[in-house]
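Observations on the three-dimensional arrangement
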Amino acid sequence: MGFSSSLSCSAMGALIVGCLLLQASNSNAQLRPDFYFRTCPPIFNIIGDTIVNELRTDPRIAASLLRLHFHDCFVRGCDASILLDNSTSFRTEKDAAPNKNSVRGFDVIDRMKAAIERACPRTVSCADIITIASQISVLLSGGPWWPVPLGRRDSVEAFFALANTALPSPFSTLTQLKTAFSDVGLNRSSDLVALSGGHTFGKAQCQFVTPRLYNFNGTNRPDPSLNPTYLVELRRLCPQNGNGTVLVNFDSVTPTTFDRQYYTNLLNGKGLIQSDQVLFSTPGADTIPLVNQYSSNTFVFFGAFVDAMIRMGNLKPLTGTQGEIRQNCRVVNPRIRVVENDDGVVSSI
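These numbers come from a predicted model, not from an experiment.

Re the pattern of salt bridges
Within this structure, the stated rule accounts for 16 salt bridges. Across the pair Asp107 and Arg111 runs a salt bridge, and its minimum N-O distance is 3.8 Å. Linking Asp107 with Arg111, this pair stays in helix H4 (residues 106-119), spanning 4 residues, or about one helical turn. In this structure, a network of salt bridges that share partners links the residues Asp85, Lys94, Asp110 and Arg330.

Some remarks on the environment of Asp107
Judged by relative accessible area, Asp107 falls into the partly exposed class, the value being 40%. For the pair Asp107 and Arg330, spaced 223 residues apart in sequence, the C-alpha separation works out to 10.0 Å.

Digging into the UniProt feature "site: Transition state stabilizer" (unreviewed entry) in the protein chain
Under the present numbering, the feature "site: Transition state stabilizer" (unreviewed entry) in UniProt falls on Arg67. Take Arg67: it is sitting in helix H3 (residues 61-73). For Arg67, the contacting residues outside a window of four places in its chain are Pro98, Ser102 and Val103.

Observations concerning the state of the cysteines
Applying the stated criterion to the full structure yields 4 disulfides. One disulfide in the model links Cys73 with Cys78; its S-S distance is 2.0 Å. On the S-S bond that ties Cys73 to Cys78, the torsion sits near 115°, and the link is right-handed. A relative accessible area of 1% places Cys73 in the buried class. Each sulfur of the disulfide joining Cys206 and Cys238 lies 2.0 Å from the other. Looking down the S-S bond of the Cys206 and Cys238 bridge, the torsion is -75°, so its handedness is left-handed.

What counts as what
- Residues numbered from 1 in each chain as written.
- Predicted model: local features only at pLDDT ≥ 70, side-chain atom pairs only at ≥ 80, totals over all residues.
- Heavy atoms only, no water.
- Salt bridge = Lys/Arg side-chain N within 4 Å of Asp/Glu carboxyl O.
- Helix = DSSP H or I, 4+ residues; strand = E, 2+ residues; numbered from the N terminus.
- Buried < 20%, exposed > 50% of the residue type's maximum accessible area, 1.4 Å probe, protein only.
- UniProt positions renumbered as here; feature names shortened; annotations may be inferred.
- Contact = heavy atoms within 4.5 Å.
- Disulfide = S-S within 2.5 Å.

Next up, the structure:
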């Protein structure tokens, strides 16, 4: 089985490569969509096949891979630092509050990397694997295709402290969201509203929802922007003092489809988390017209999402001789030191 029931992986791969060649001239000088055209032609098929296989048992994985890319890019750029495990040199970003017991898909990336290493050893970065995986995940879920600029290299360190502060909180106000996005270089309202549309599929844990349901901003009352019927539904799914790890669909209408329903939900007061609903419910916000626009026009939403994804993917990439191409996405490559003993014999360790 390929990327879809009607299109084989090989056919999709040919389509992607063809589009890459057409779009290459539109990418920036450092990154380009056809970067692996000659050095690793099967990369798209390998990543696509892995996601298709995973979706058979885990319908949530597509949204999880998109979120993994987002959480990587917001911390020192798209450099796969989020994939690194703990070492003697740094603490993993996986332990940071926004990621711990929340961000997932690491084992899926491992399988992609292992297959790519067999086909194209020491060629494809983990950062590019995450980026391609997020794009194919959106495509497989009914969303748009876009030419992914490639050629990133991998970080040789993780940034635990920054991960704790740079990533937007589900409890953020609109002002806080805008600051978080602007701080990384995504300073357009369309970046914020379009990328938030990634919550059109996937799930969130009740612990990120319950404050809105019972004690919004310390008022002992629910968030007044919540649709009353939706409030009753959410309280049933997330009872007060209940299990905070229970999962709830971001979009209860089309929970596994990448579409514009997310924005329609916001219009109806059915945004799951506070940082979603504030895009529409903050009085006088410049994000309101965008929510209205995206809710009524799939083409406009998809176009804005693609533009914002490319902008996010271009945040501070490591290129050229910067960083490295990790052989294992979880650890930096072994460092080789050349030493000379007392007899003048040179060796590597």
